[in-house]
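Observations on the three-dimensional arrangement
If you want the building blocks of each chain, they are given just below.
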Amino acid sequence: FIGFGAPSFAGKPGDLAARLELGVTCRDKGESVARLLRLLEPLPETATELAAMARTLKAPASSVILGDAATETRVQATKLSDYRVVAFATHGLLPSDLPCDIEPALALTPPAQATEKENGLLDASEIANLKLNAEFVILSACNSAAPDGRLGGESLSGLTRAFFYAGARSLYAASFPVPSEQTTTLTTGIFAELAADPKLTRADAARRSQMKLLAQRASAHPVFWGGFVLIGD
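Bear in mind the structure is a predicted one, so any value in this text is a computation, not a measurement. (Residues numbered from 1 in each chain as written. Predicted model: local features only at pLDDT ≥ 70, side-chain atom pairs only at ≥ 80, totals over all residues. Heavy atoms only, no water.)

Here the distance between the centres and the angle between the planes together describe a pair of aromatic rings. All chains considered together, the criterion is met by 4 aromatic pairs. Ring geometry for Phe-136 against Phe-191: centres 5.9 Å apart, planes inclined by 50 degrees, an arrangement best described as tilted. Note that Phe-136 is positioned in strand S6 (residues 136-142) and Phe-191 in helix H7 (residues 180-196), a separation of 55 residues in sequence. Judged by its relative accessible area of 3%, Phe-136 falls in the buried class. (Phe/Tyr/Trp six-rings, centres within 6.5 Å; stacked < 30°, edge-to-face > 60°. Helix = DSSP H or I, 4+ residues; strand = E, 2+ residues; numbered from the N terminus. Buried < 20%, exposed > 50% of the residue type's maximum accessible area, 1.4 Å probe, protein only.)

So this is what it looks like as structure tokens:
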């Protein structure tokens, strides 16, 4: 297992200003986008999510890459083909967020000095060029639709296609904005179910994890458990 998450963002919780400004600001050799990425809302709960996955899969603590280390360079320099399960827990950005960019992307820690090659966005084309040999990729990308609420199915599908081009055999991804707390419960629940019954398929494990959220009054609404889809199992 290896997981990348909780990038170093410095925005205020619930503040969409940086995200909205991303929608009208185009790249200047990556610097403008990197500056705005730093102002995205931080996702500290994704560190808990990835750590729980690692524990369940009996992976070492070093398999969780967080904060300043969760960069494009670190992802691209890692021999990802060595890992059976790969997870990304961060913000997903669609072309509607970045009209100057036709590709969907995952937001990672932006560099101190942005370049054309690294500005904090792991684009679909960069993902497609990764070398994976993963049975399962978890794309726990919070806020993966535009801030005006429009759905971005085709763009998100672009991310999923990129991971399959890279060598993933199945993918768990969000098709609309998802709340972080329940997402953590959902994704970690899948691995707990698989650990409890290794004969389960990933689809069965995902369904059981969803049903546990559905059974609780506070998380029964589909917004809490219905945003994810399993592809390729």
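Once you've had a look at it, read on.
Moving on, we come to the nonpolar core. Core analysis: the largest hydrophobic core is formed by 25 residues, its most contacted members being Phe-88, Leu-106 and Phe-163. Within the residue set of this core, elements represented by two or more residues are strand S1 (2-7), strand S3 (85-93), helix H5 (124-128), S6, helix H6 (153-166) and strand S7 (171-174). Per element, the largest residue contribution to this core is 4 residues, and it comes from H6. Ignoring sequence-local partners within four residues, the contact set of Phe-163 consists of Phe-88, Leu-106, Ile-127, Leu-132, Val-137, Leu-139, Ala-168 and Leu-171. Listed in part, the 23 residues of the second largest apolar core include Val-85, Ala-174, Val-178 and Ile-190. (Core = buried A, V, L, I, M, F, W, Y, C linked by side-chain atoms within 4.5 Å. Contact = heavy atoms within 4.5 Å.)

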